[in-house]
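# Per-entry structural report
So the chains spell out like this:
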Amino acid sequence: MAPKSITELGVNDFVKAGLSPAEANQFNQLLLSLSLSSDDPTDTWRRIVSRRLLKSSYPHPLHQLLYYTIYSNHHSSSSPPLYWFPSIEQAKRTNLGRFMEAHGSELLGASVYKDPITSFSLFHNFSVQHPEVYWSLILKELSISFVQPPNCILDTSSDPSKHGGTWLPGSVLNIADCCVQPSSHPNKQDDSVAIVWRVEGFDDDSEVNHITLKQLRQQVMLVANAIDANFSKGDAIAIDMQMTVNAVIIYLAIVLAGCAVVSIADSFAPKEIATRLRVSNAKGIFTQDFISGGGRKIPLYSRVIEAAECKVIALPVIGDDVAVQLREQDLSWKDFLSSGSKNSRSDDYSPVYQSIDTVTNILFSSGTTGDPKAIPWTQLAPIRSAADGWASIDVQVGDVYCWPTNLGWVIGPTVLYHCFLTGATLALYHGSPQGRGFGKFVQDAGVTILGTVPSLVKSWKSTQCMEGLDWTKIKLFCSTGETSNVDDDLWLSSKSYYNPIIELCGGTELASSYITGSPLQPQAFGAFSTASMTTGIVILDENGVPYPENVPCVGEVGLFPLSLGASDRLLNADHDEVYFKGMPVYKGKQVLRRHGDIIKRMVGGYIIVQGRADDTMNLGGIKTSSVEIERVCDRADECILETAAVGVATANRGPEQLVIFVVLKKGYNSNAETLRMKFSKAIQSNLNPLFKVSVVKIVPEFPRTSSNKILRRVMRDQMKRELSVQSRL
């Protein structure tokens, strides 16, 4: 029997989807009043959403019924179904739309520029071809104050070895000082609210806490004075904490004091912490006595001191005093702050102003072998990050922006700069984002921009923990770290009357996204609608030859190298070899930059990420190499000859599942479930407690190249087919 069309749905269908008979009758009458047709599914969905017929309080099966019925005959292989459509009025109120209205006619020509929606692609192309013009104007939109202005925007002649050019040469500033000072923005003043927060389990029904910009600046200066008393200018100082108000203050204070933050996630095992401290040559580390969240207290200080020989400053997760015995060389938070007041006669602090290419943050991204890549962020990276938030996510003065994350991952510093360089308010929840307490904080804080990772959305949806909460103040969601699941995104977007979910895909080394959604373009669930501003992308075939522009295709992405904020060095690897060696020259002008993603460009320019070209996988938003996983699994049981780890995306584009292929030693036996449990335990103990093995497959041998390299892609494709078949059974 053929599925029903939208015009054939009736009251009984809506009751089966969870409405009461009275609600179903009312809903049916509203649908009939729209005189819908099955001929144009996009127009049908647009009309239903624009009238707000699908309330966020309605059961999810009703949302599913309408969305999947309307698009039942849509051939998503050519282009994805659209769910959100900007109006001209909405577009002109966005940062980029307002900017285009002000400069579009001048830059594109009065006869060419029409409006922010019609002219978006032309304006994007202009930003790629003339990045120095775009950036000269964007710098005026952000809270960037130079002590010494740049000699120019972009210099491509002084150092030919720098494929990415030299950006803002000669400029001097302190990017943390830009974050904590008031600006010309009318609402970024000393009494503006800089941060709002709530502590899980203590005040879920009380008013949210807040700190003004002036109070934030005072706290940052207090900590910067203490840093001066304990460290030297230029020192690398690590942060291994939950993303609390104090963690944000410490981050800004380290940069204000002319030092560099070393980003370490609070989920790492001691071995991973030690590696990052060694590679960065960290002189100290800030941490907590415990991690608190989800009703649990997990020791953190004890994990850190197992890895750290340097000085540790320990903060209490609760109260004023740490709940652990400290080593002799370590300091409590209270004693650390006291050392600063003894060292300085004033509560003020003079920022350390440094050149634009000074390192302010060392982040890590797993490569395919050995240690994780140590990626230095200079003061250019926050500018790039904030500008992309301003353009793609439309972060504005007055927004309340929440993204549950950690300063150990790139999204932590990214969100911090998104807020403080645009004048938005940063919203922090001290606890687990997986429960209702977090959702209530989003409601009570009046969050207008909510960032997520797909696995978190899946958890919210499956546990139904957010039911009954009001998220309708959210104007926009954003998502990164994993491939999004269409049905989970349908659930999420419905919580705010189908406001857009801006998908972001980039890299720590780019300080930004290279592909994104845009509030100036219609959006499709789980898809990207454009390259980010000033970013040029090329899709390469198997021979490294670029496909023609705008043609639907699948291949490895190459990036135009001129990108403000992108890395130009690595601390522990050859930057040129990692990102440029072996890449083709595009149109005889520039060597493309390697990124490593396989992407699919569809009709209309929409993009789906298909996976990694190398053997790096993405687990829970964390890029991890196969080699790291295999090194641990090979030692998990004496029966193992060798293992091969692959990340496999599910058929509906959900987060990757970790699959381990195993070859057993001759004469040994074992079963897949036993090995799965052993592998999971070993990985969680030695790499990351958040990782888990989904499937183990015992095979007689691995497919290999003629040079004996394991063909993980072949195994990945095999497992993807098997999982797809299982999902249909």
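Our subject in this report is the structure included herewith. (Residues numbered from 1 in each chain as written. Predicted model: local features only at pLDDT ≥ 70, side-chain atom pairs only at ≥ 80, totals over all residues. Heavy atoms only, no water.)

### Considerations on the nonpolar core
In terms of nonpolar packing, the biggest core is built from 101 residues, with Leu-96, Ile-195, Ile-227, Phe-286, Phe-336 and Phe-420 touching the most fellow members. Considering each element in turn, this core owes the most residues, 11 residues, to helix 11 (residues 245-256). What Leu-96 contacts, discounting residues up to four positions off in sequence, is Phe-120, Phe-123, Tyr-134, Trp-390, Ala-391, Leu-520 and Met-533. Counting residues in hydrophobic clusters, the runner-up holds 58 residues, among them Ile-6, Leu-9, Tyr-58 and Trp-471. (Core = buried A, V, L, I, M, F, W, Y, C linked by side-chain atoms within 4.5 Å. Buried < 20%, exposed > 50% of the residue type's maximum accessible area, 1.4 Å probe, protein only. Helix = DSSP H or I, 4+ residues; strand = E, 2+ residues; numbered from the N terminus. Contact = heavy atoms within 4.5 Å.)

### Some remarks on the packing of helix 15 (residues 380-393) against helix 16 (residues 411-420)
It is at 8 Å that the axes of helix 15 and helix 16 come closest, and there the two elements cross at 70°. It follows from the interaxial angle that helix 15 and helix 16 lie roughly perpendicular. Note on packing geometry: the crossing formed by helix 15 with helix 16 is right-handed. Of helix 16, the residues touching helix 15 (which contributes Pro-382, Ser-385, Ala-386, Gly-389 and Ile-393) are Thr-414, Tyr-417 and His-418. Its residues assigned to classes, the contact of helix 15 with helix 16 shows 4 nonpolar, 4 polar and no charged. (Axes fitted to C-alpha atoms, helices over the stretch in contact; angles between N-to-C directions. Parallel < 35°, antiparallel > 145°, perpendicular 65-115°, else oblique. Left-handed = near helix turned anticlockwise from the far one by under 90°. Nonpolar A, V, L, I, M, F, W, Y, C, P; charged D, E, K, R; others polar.)

### So, the packing of aromatic side chains
Under the defined criterion, the tally for this structure stands at 23 aromatic pairs. A centroid spacing of 6.0 Å and a plane angle of 75° characterise the contact between Phe-99 and Tyr-134, whose relative ring orientation is edge-to-face. With Phe-99 in helix 6 (residues 95-108) and Tyr-134 in helix 8 (residues 131-138), this residue pair connects regions lying 35 residues apart in the sequence. In this pair, the class of Phe-99 matches that of Tyr-134, namely buried. Taking the ring centre of Tyr-579 as reference, the NZ or CZ of Arg-593 above it sits at 4.5 Å. (Phe/Tyr/Trp six-rings, centres within 6.5 Å; stacked < 30°, edge-to-face > 60°. Lys NZ or Arg CZ within 6 Å of the ring centre and 35° of its normal.)

### Examining the state of the cysteines
Taken as a whole, this structure holds 0 disulfides when the rule is applied. Looking at Cys-310, it has no disulfide partner, and the nearest cysteine sulfur is the one in Cys-259, 13 Å off. Given a relative accessible area of 15%, Cys-310 falls into the buried group. Take Cys-633: it sits in no disulfide, and the sulfur closest to it among the cysteines is that of Cys-639, at 12 Å. (Disulfide = S-S within 2.5 Å.)

### A closer look at the sheet that holds strand 19 (residues 449-452)
Spatially, 6-5-18-17-19-20-21-22-24 is the arrangement adopted by the 9 strands of the open sheet, whose pairing is mixed. Each edge of the sheet is formed by a strand with only one pairing partner; in this case those strands are strand 6 (209-212) and strand 24 (530-531). Relative to strand 18 (residues 425-430), strand 5 (residues 193-199) runs parallel, the two sharing 5 bridges. Bridging from a neighbouring strand, Val-199 pairs with His-430 of strand 18. (Pairing = 2+ DSSP bridges.)

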